[in-house]
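Observations on chain architecture
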Amino acid sequence: MGDAGTLTVDVGRAGDHTVVRLTGEVDLATASTLEEALSEIEGDDHPLVIDLSAVSFLDSSGLSVLVKARQRLERADGTNGLRLVVSRPIIRRVFEVTGLADVFDLAATLDEATSAP
Amino acid sequence: MDARADRRVRSPVVLAAAIGLTITTALSLTAWALVVAGDNHFLATQEREVSLALQTTVPALQDQLSNADNVATELSVSQFRDFAAADVGANASFRSMSLWRVVGSSATLVSNVGQRPEILDEPQLGKEFIASVPATDTLSVLNLLDEPVRELGFAVRLSAGPSGYVVFGEYAQPAHPHVRFPAGSNFAGLDFALFLGPTATPSALLESTIPFPTRHPTAQTTAPFGDQTVTILVALVSRPPGVLPSPAPWWIAGGGLLLTLLTTGVVSRLLTRRQLAEATVVTTRADLDIERTISTTLQRALLPDESPTFPGLDIATRYVAGTTGVDVGGDWYDAIPLDLERLVLVVGDVSGRGLRAATVMGSLRPAIRAYALQGDPPAAILAKLDDLVNVERDDCFATVLCAVLDVPRRVITMATAGHPPPLLVDGTGARFLRLTVGAPVGVRGPAAVASTFSVAADAALVVYTDGLVERRGVTIDEGFAQLRDSAAGATGSVTELVARLAAAMVPDGASDDLAIIAAGWTTEVDPVTLARHLHPGAATRPASRSFPADTHAVAAARHFIQSALEDLDSEVVEVAVLLGSELTTNAVTHAGSGFRVTVTDSAVPGRIRVEVADEGRGLPARQAPRPSEPGGRGLQIVESLAQAWGITVGSRSAGRTVWFELDAHPGSP
C-alpha cells in the first residue's frame, strides 16, 4: 500500500501533454498536497493527464480534489482537456460507484491517455 | 508360542527325561548286576555241592573194588566171588564184577560175578584197558556209554609187580540220563548234568536232573573222576528266596521309563500352562497400559486447554489426577459462553474410571455444550442427557451440575443431577447453595429442578467434583464443613481461592480425581475481551483502537483495519480499507473528535464488521452529490460497496457509531 499517508506529485511533459504523475496515497491528509500542485497548472493549450497508476490508495477526499480540478479546467465550449490514467481495479471501482467514471475521461495506460483523442 | 518360549518348555522336559532315563538305567544295571551276582553265587554253590557229592561217590566205588582185589590176591578166587556177590546185583552198585589176571601186557579173565561184562564185546579194547590199569590208588575209568547197556567201567590193581589181579566192575548208568534223585541223596535238590570228559559233550552225558540242553542259566566246572574228568553243568532253574528274579532289571527299566514319560509329560504340561499364564499377564498388562493411555488422552483432550475467560468474570479451574489406581477418572468441567452476558458452567463426574468413564464423559460434554448453545435451560439440559447414559446398559452413570451465570444481572440459574452442592463465596462468607437434587444422569429418578440465585457483586461460584470433599477417614459432612470453612476466609482472586481450597482439602494430592471450576464477578469489562468471546476463532479479530482527531489518523486507521483483516483476501481488505477510510475521514472532518475503530467478525456468519465510533452528533448527509459537487461521496461509496452499513446514535451520552459489514469470502457459497 506504499508509504503511509504520503503522496508525491511530479509534473512533466509527454509530447503535447502535460503529465502529473502521482505516487502514494490520496486521502484526507494528502489531498491538500494534490490540490496545491494542480492549482499551479494553468489551463493552457496543452492537454493535462493525471497519472494515477502509481497511486496505491484513493478515497473520496481524492475524488473531491479531482472534481474541483476538472471544474477549473473546463473550457468555454464545455470541453475539457483533462484525462486520468487509472489502472488499479479498486480505484476504478471508486470512480464507477460514484458515477464519476462517466464524467472523467479515463484511460488504462499513459500511452492511451497521450494518444490522439 | 514363539521359538524362544518353545525352548523354555522344551529344555526342562529334556532334562527331566534325561534324569529319569539315567536313574532308570542305573537302577536297571544295578539290578542286573545283583541278579547276575546272585545267579553266579547260587550256581557256584550248586557246583560245589555237586562236586562234593561226586567226590564221595568215587572213593565208595574204589573201596569196593579195592577190597575185592585184596580178597582175590590174599585169599582165593572163590572167596573173591563170595565177596563180590555182595556188591553186584539189582540192588547193589555194580552190574558185574570180574577178576582179571594180568601178566605183562596180557590180561586173562579169571572169574566174573553178575551179568556178562560188556567189555568182553570189545575183546581187544577190553584187554588193553585191563592190562594198562596202573597199580595206583587212582580209580581207572572206562567209558562204556555207547554199549547196549549204558555203563561205566571201573578197574583197580593193587599189586605193582609184573603180574597181578585187576578187579573190573561195570557200573550201569540209568537207561535214560534224565534222573531224579531221591530225597536224602547227596544230589537231591540240585539241578545239574554230569558229563564224562573235560567238556559237556552230549554223547558223554552221564546223568542230569534237568532236561538237557537247558534254557536256564548255567555254570560249568570240572572235577576229577578217577583217572578221568567229569564236567559238571549246574543250572539255575528256580531261584532260592532272597535272590532277585532275573526279569527284575527289565521290570525296573520298564517302570523307570514309564515314570520318566509321566514326569516329562507333567513337566511339559505345567510349563506350558505357566507360560500361557505369563503370556496372558503380559498381554493384560499391555492392554491396561493402552487403555490408560487412551483414557488419559481422551480426558486431557476434553478438558479446556487453558482456563476459560469471560467478560465480567474471573475464572479459575483445576484438575487433579488421583493418586490411587492406575486409571483416570471421569471428572470434567466446562465453560460455555452463550452470548456477551451469559456463561454456562458445567462440572460432572462419571462413575468408575478408565476408558469407559472417559468415553461417557466424551459423549456428555459436547452434548451439554450443544444443548446449552441451542438455548436449553439447565434442567432441560440435564433431562436430555438421560438419553445418552444408562446405568443398566453402560454400567455407569454421571453426576452433573449445570449453572447459567447472567453476568450483568448477577443471577445464577442452576440444576444438579446428583452432584455435590455448589459453593458460593462472597464478602459475607461462604455457603452451599441448596438445590433440588435430581437423580444422577443415567439413573431413573426425580428430574432435576432449576433454582435461581441473585448474588453479590463480589460473589464467586465454586463447582467441583466429590474428590474435593471425599477422603478416607473423614465423613462427607466433615468434608463439606471443612470446604466451607476453608473458603470462608478467602480473599483475592478466584485463582487464589481455588488454590487455597485444593491446598486445604487435598494437601497431599487427591486420592480420587477431582475437577474444580470457579467463577467470580469482577467490575471491569473490556470490550475487546467481550467481543473475543463471541469469536474465539479469528486470530486477529476482534481488534479495537482509538485514534486522535488528526488527518494522519485516517491512514493509521486504514493500516489498523488492514492488519486486523490480514487473514482475508486482498480484494476484501482493499474494500474494507477504503470504506474504513471514508468513515474515519468523516469522523475527523465532521465530529472533530478522536475516534475508535473496532474490527470484528459479524454476528452474521461469513461477514466482517468495522465500526468507527466518534463523539459527533446527529446523522451525516446521505444524499448523492451531483457530478459537479466536490464532496459528499464518502457514504455513497460505503453504501455502494458494503453488504450492510448503519449509524448508531448513543442515547445517553454524546457519540455515534458508524459501521459497515462485508462478506469475508465473496464468491464462496
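Refer to the preceding data block for the structure.
As a starting point, this report considers the structure included with it. (Residues numbered from 1 in each chain as written. Chains lettered and ligands numbered in written order. Predicted model: local features only at pLDDT ≥ 70, side-chain atom pairs only at ≥ 80, totals over all residues. Heavy atoms only, no water.)

Some words on the overall build of chain B
Across its full length, chain B carries 13 helices and 25 strands. Evaluated residue by residue, chain B yields a buried proportion of 45% over its 669 residues. Excluding contacts between residues fewer than 6 apart, the proportion of contacts in chain B whose partners are at least 24 apart in sequence is 64%. For chain B, the accessible area works out to roughly 32500 Å², and carbon and sulfur atoms hold 55% of it. (Helix = DSSP H or I, 4+ residues; strand = E, 2+ residues; numbered from the N terminus. Buried < 20%, exposed > 50% of the residue type's maximum accessible area, 1.4 Å probe, protein only. Contact = heavy atoms within 4.5 Å. Areas by Shrake-Rupley, 256 points an atom, 1.4 Å probe, with all protein chains shown as cover.)

Thoughts on unusual backbone geometry
All names here are of chain B. Even without a glycine there, the phi angle at D395 is positive, about 65 degrees. Classification of D395 as exposed rests on a relative accessible area of 61%. A positive phi angle, near 55 degrees, is found at R410, a position not held by glycine. With respect to the secondary-structure elements, R410 resides in the loop between β13 (398–406) and β14 (411–417).

Description of the nonpolar core
Counting 66 residues, the largest nonpolar core has I50, L66 and F95 of chain A together with L579, V597 and F660 of chain B as its most contacted members. Of the residues forming this core, the biggest block, ten residues, is contributed by helix α12 (residues 570–591) of chain B. Contact partners of F660 of chain B, with chain neighbours within four places excluded, come to A576, L579, G580, L583, I608, R609, V610, V638, A642, A644 and W645 of chain B. (Core = buried A, V, L, I, M, F, W, Y, C linked by side-chain atoms within 4.5 Å.)

Some thoughts on the pairing of strand β3 (residues 48–58) of chain A
Residue and element names in this part refer to chain A. By the criterion of burial, β3 is predominantly enclosed, with nine of the eleven residues buried. Where strand β2 (residues 17–26) meets β3, eight bridges bridge the pair, whose relative direction is parallel. Paired with G24 across the bridge in β3 is V55. Pairing between β3 and strand β4 (residues 82–85): four bridges, direction parallel. Following the sheet pairing, D51 is matched in β4 by V85. (Pairing = 2+ DSSP bridges.)

A few points about the interface of chain A and chain B
By a widely used convention, the size of an interface equals the accessible area lost when the partners come together. At the interface, 25 residues of chain A touch 27 residues of chain B. Note on chain A versus chain B: buried area summed over both sides is about 2100 Å², and carbon and sulfur give 66% of it. Taken together, the links from chain A to chain B amount to three salt bridges. Across the pair E25 of chain A and R558 of chain B runs a salt bridge, and its minimum N-O distance is 2.4 Å. Taken together, the connections running from chain A to chain B amount to five residue pairs in polar contact (both at pLDDT 80 or more). Within the residue set of the side of chain A that touches chain B, elements represented by two or more residues are β3, α2 (60–72) and α3 (89–97) of chain A. When residues in the side of chain A that touches chain B are grouped by element, the largest group, seven residues, is from α2 of chain A. For the side of chain A that touches chain B, the residue count by class is 13 nonpolar, six polar and six charged. (Buried area = accessible area lost by both parts, 1.4 Å probe. Salt bridge = Lys/Arg side-chain N within 4 Å of Asp/Glu carboxyl O. Polar contact = N/O pair within 3.5 Å; in protein donor to acceptor, adjacent residues only side chain to side chain. Nonpolar A, V, L, I, M, F, W, Y, C, P; charged D, E, K, R; others polar.)

Comments concerning the sheet that holds strand β7 (residues 205–208) of chain B
All names here are of chain B. Across the sheet, four strands lie side by side as β7-β6-β9-β8; this open sheet has antiparallel pairing. Of all the strands in the sheet, just β7 and β8 (218–225) have a single pairing partner and so form its edges. Averaged over all pairs of adjacent strands, the angle between their axes in this sheet comes to 20 degrees, without regard to strand direction. Pairing analysis gives eight bridges linking β8 to strand β9 (residues 228–235), with the strands arranged antiparallel. Its bridge partner lying in β9, F225 is registered against Q228. (Axes fitted to C-alpha atoms, helices over the stretch in contact; angles between N-to-C directions.)

A closer look at the environment of V13 of chain B
Inspection of the secondary structure assignment puts V13 of chain B in helix α1 (residues 3–74). V13 of chain B sits 258 residues away from L271 of chain B along the chain, and the two C-alpha atoms are 8.9 Å apart.

Digging into helix α1 (residues 31–39) of chain A
All names here are of chain A. Of the residues making up α1, those classed as buried are A31, L34, A37 and L38. Along the long axis of α1, the arc covered by the buried residues comes to 130 degrees, so they all point the same way. On its buried face, α1 sits against β1 (7–14), β2, β3 and α2. (Arc of directions from axis to C-beta.)

Considering the packing of aromatic side chains
Inspection of every chain in the model, using the stated rule, returns eight aromatic pairs over all chains. Summarising the aromatic geometry, the rings of F547 of chain B and F560 of chain B are spaced 5.8 Å apart at their centres and angled 65 degrees between planes, so their arrangement reads as edge-to-face. Here F547 of chain B is found in strand β21 (residues 543–547), whereas its partner F560 of chain B is found in helix α11 (residues 551–564), with 13 residues between them in sequence. Since its relative accessible area comes to 6%, F560 of chain B is described here as buried. Linked through ring pairs, F94, F154, Y171 and F225 of chain B together constitute an aromatic cluster. In this structure, R101 of chain B packs its charged tip against the face of Y165 of chain B, placed 5.4 Å from the ring centre. Looking at R558 of chain B, its charged tip hangs above the ring of F57 of chain A, at a distance of 3.9 Å from the centre. (Phe/Tyr/Trp six-rings, centres within 6.5 Å; stacked < 30°, edge-to-face > 60°. Lys NZ or Arg CZ within 6 Å of the ring centre and 35° of its normal.)

Notes on helix α9 (residues 494–505) of chain B
The end-to-end C-alpha distance of α9 of chain B, which contains twelve residues, comes to 16 Å, matching closely the 16 Å that a straight helix rising 1.5 Å per residue would cover. Elements that come into contact with the buried residues of α9 of chain B comprise β10 (313–320), β15 (423–426), β19 (460–464), α8 (476–488) and β20 (514–521) of chain B. (Expected span 1.5 Å × (residues − 1).)

As for the sheet that holds β2 of chain A
Residues and elements named next belong to chain A. Across the sheet, which stays open at both edges, the five strands sit in the order β1-β2-β3-β4-β5 with mixed pairing between neighbours. Two strands close off the open sheet at either side, each with one partner strand: β1 and β5 (106–107). Sitting on the sheet, α2 touches β2, β3 and β4, and the angle it makes with β3 is about 175 degrees. Across the sheet, α3 is in contact with β3, β4 and β5; its angle to β3 comes to roughly 110 degrees.

Looking at the environment of L144 of chain B
Residue and element names in this part refer to chain B. Tracing the backbone shows L144 in strand β3 (residues 140–144). With relative accessibility at 2%, the residue L144 sits in the buried group. Through-space distance from the C-alpha of L144 to that of Q173 is 9.6 Å; in sequence the pair is 29 residues apart. Among all residues touching L144, those that are not within four sequence positions of it are V149, R150, E151, L152, G153, F168 and E170.

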